[in-house]
Amino acid sequence: TRQGWWLELTDTDGHTARGEAAPLPNFGGEDAAHCLAALQAWAATAPSLAWSRDVAALTQQLDDCGLPPVARAAVCQALSRLIADAQGWSLAELMCDAPTRRIPRSHRLVATARAARAAVAAGATALKIKVGGEADADLARVRAIRAAVGRDVALRLDANGGWTAAQVAEMWPALCALGVQWIEEPWRSLDAASRSVLRGLREAGGPSLLADESCRDI
């Protein structure tokens, strides 16, 4: 269960916009009480300030507020929406001089060969597969998905730190043969031995190795 808040702002022309604040204490250390206090303090002073409609200037104003990240995200969401609405723009038009009019196809999260086939039929060109359980079963599932969708679809694995460095090293030839594009957070430990394995895998070539949770302390 996560606790969070909506921040609702209304400008002088009557436009209303919301931002969401729902902190995860395990990521960044911002707990619910800290986030709420920061939003309340900001809301007490915000009406007396003139907020810029220029994104770069607005970013500097938010920097100067010193808000913690999740509270800041809520403020940024709501202010950006108000600025865009006031000018009759989409958020994309506010953030970019030449926004795309079409959402590019990206990856879909799938767990089975059947789901993979359906995702590709719907236009997905890359598939994300959650792994990190029993290594042989994970590998069998990835093989089944590759067989179901062919070689032209990118396969991206996310182990959430569930494997060990030794397991990844053992599976590496098979993962290379399957054409896996990347593995996100393959294992949790970053001790000297696992870093040595990491260096060896990088030198061997094959899937890229991505950090997620370990970005907090790597």
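Attention here is on the structure that accompanies the text. Keep in mind it's a predicted model, so treat the numbers as computed, not measured.

1. Describing the overall build of the protein
- From N to C terminus, the protein includes 8 helices and 7 strands.
- In terms of overall dimensions, the protein is more spread out than a globule: its C-alpha atoms have a radius of gyration of 22 Å, far above the 17 Å expected for 218 residues.
- Based on the C-alpha atoms only, the size of the protein along its principal axes is roughly 60 × 40 × 35 Å.
- Across the 218 residues in the protein, those meeting the buried criterion constitute 33%.
- Here the analysis covers contacts within the protein between residues at least 6 apart in sequence; of these, 59% occur between residues at least 24 apart.
- Positive and negative side-chain charges of the protein, numbering 23 and 25 respectively, have mean locations separated by a distance of 9 Å.

2. What to know about the pattern of salt bridges
- For the coordinates displayed, the defined rule picks out 7 salt bridges.
- Here D158 ties to K128 by a salt bridge, and the two come within 3.5 Å at their closest N and O atoms. Here D158, found in strand β5 (residues 154–158), pairs with K128, found in strand β4 (residues 126–130); they are 30 residues apart in sequence, far enough to count as distant.
- Relative accessible area serves as the criterion here: at 2%, D158 is assigned to the buried category.
- Taken together, the shared-partner salt bridges in this structure form one network comprising K128, K130, D158 and E184.

3. Side note on the sheet that holds strand β7 (residues 208–210)
- What the 5 strands build is an open sheet, ordered β3-β4-β5-β6-β7; its pairing is parallel. At either end of the open sheet lies a strand with only one pairing partner, and these are β3 (107–110) and β7. For this sheet the average axis-to-axis angle between neighbouring strands, irrespective of direction, equals 25°.
- Relative to the sheet, helix α5 (residues 113–121) contacts β3 and β4, its axis offset from that of β3 by approximately 160°.
- Sheet strands in contact with helix α6 (residues 135–149) are β3, β4, β5 and β6 (180–184), and its direction is about 160° off that of β4.

4. Overview of the pairing of β5
- Most of β5 sits out of view: 5 of its 5 residues are buried.
- Residues A154, R156 and D158 line one face of β5 and the alternating positions L155 and L157 line the opposite face, and both faces are buried.
- Examined bridge by bridge, β4 and β5 share 5 bridges and lie parallel to one another. Within the sheet, the bridge partner assigned to K128 lies in β5 and is R156.
- This β-α-β element, β4 to α6 to β5, shows right-handed connectivity.
- Two strands pair when backbone bridges link them, and β5 and β6 are joined in this way by 4 bridges, in the parallel orientation. Bridged to D158 within β6 is E184.
- Crossover connection from β5 via helix α7 (residues 165–177) to parallel β6: handedness right-handed.

5. Re the packing of helix α1 (residues 32–45) against helix α3 (residues 69–86)
- Orientation of α1 relative to α3, taken along the N-to-C sense of each, is 45°, at an axis distance of 8 Å. In terms of their interaxial angle, α1 and α3 are classed as oblique. On the side of α1, the interface is formed by C35, A38, L39 and W42, while α3 contributes V70, A71, A74, V75 and L79.
- By residue class, the composition of the contact of α1 with α3 is 9 nonpolar, no polar and no charged.

Definitions and limits used
The residue count restarts for each chain, going from 1 along the sequence in the order it is written. Given that this is a predicted model, residues contribute local features only at a pLDDT of at least 70 and side-chain atom pairs are listed and counted only at 80 or more, while totals for whole chains, interfaces and linings are drawn from all residues. With hydrogens and water stripped out, all remaining heavy atoms of the structure feed into the side-chain values. The way it works is that DSSP assigns letters per residue, a run of H or I at least four long becomes a helix, a run of E at least two long becomes a strand, and they are numbered from the N terminus. Two things to know: the radius of gyration comes from C-alpha atoms, and the globule rule equals 2.2 Å times the number of residues to the power 0.38. Residue burial is assigned from relative accessible area. The probe radius is 1.4 Å, only protein chains are included, and a residue is buried under 20% of its type maximum, exposed over 50%, and partly exposed in between. Residue contacts are defined here by distance: any two heavy atoms, one from each residue, within 4.5 Å place the two residues in contact. Here the positive residues are Lys and Arg and the negative ones are Asp and Glu; neither His nor the chain ends is included. Charged side chains are reduced to one point each, which is NZ for Lys, CZ for Arg, CG for Asp and CD for Glu. By definition here, a salt bridge exists when the distance from a side-chain nitrogen of Lys or Arg to a carboxyl oxygen of Asp or Glu is within 4 Å. When DSSP finds at least two bridges between two strands, those strands are taken to pair. The axes are straight lines fitted to the C-alpha atoms, using for helices just the contacting stretch, and the angles between their N-to-C directions are given from 0 to 180°. Orient the strands so they point away from the viewer; a crossover is then right-handed if the path from the first strand over the helix to the second runs clockwise. Roughly parallel means an angle under 35 degrees; roughly antiparallel, over 145; roughly perpendicular, 65 to 115; everything else is oblique. Only Asp, Glu, Lys and Arg are considered charged, only Ala, Val, Leu, Ile, Met, Phe, Trp, Tyr, Cys and Pro nonpolar, and every remaining residue, Gly among them, polar.

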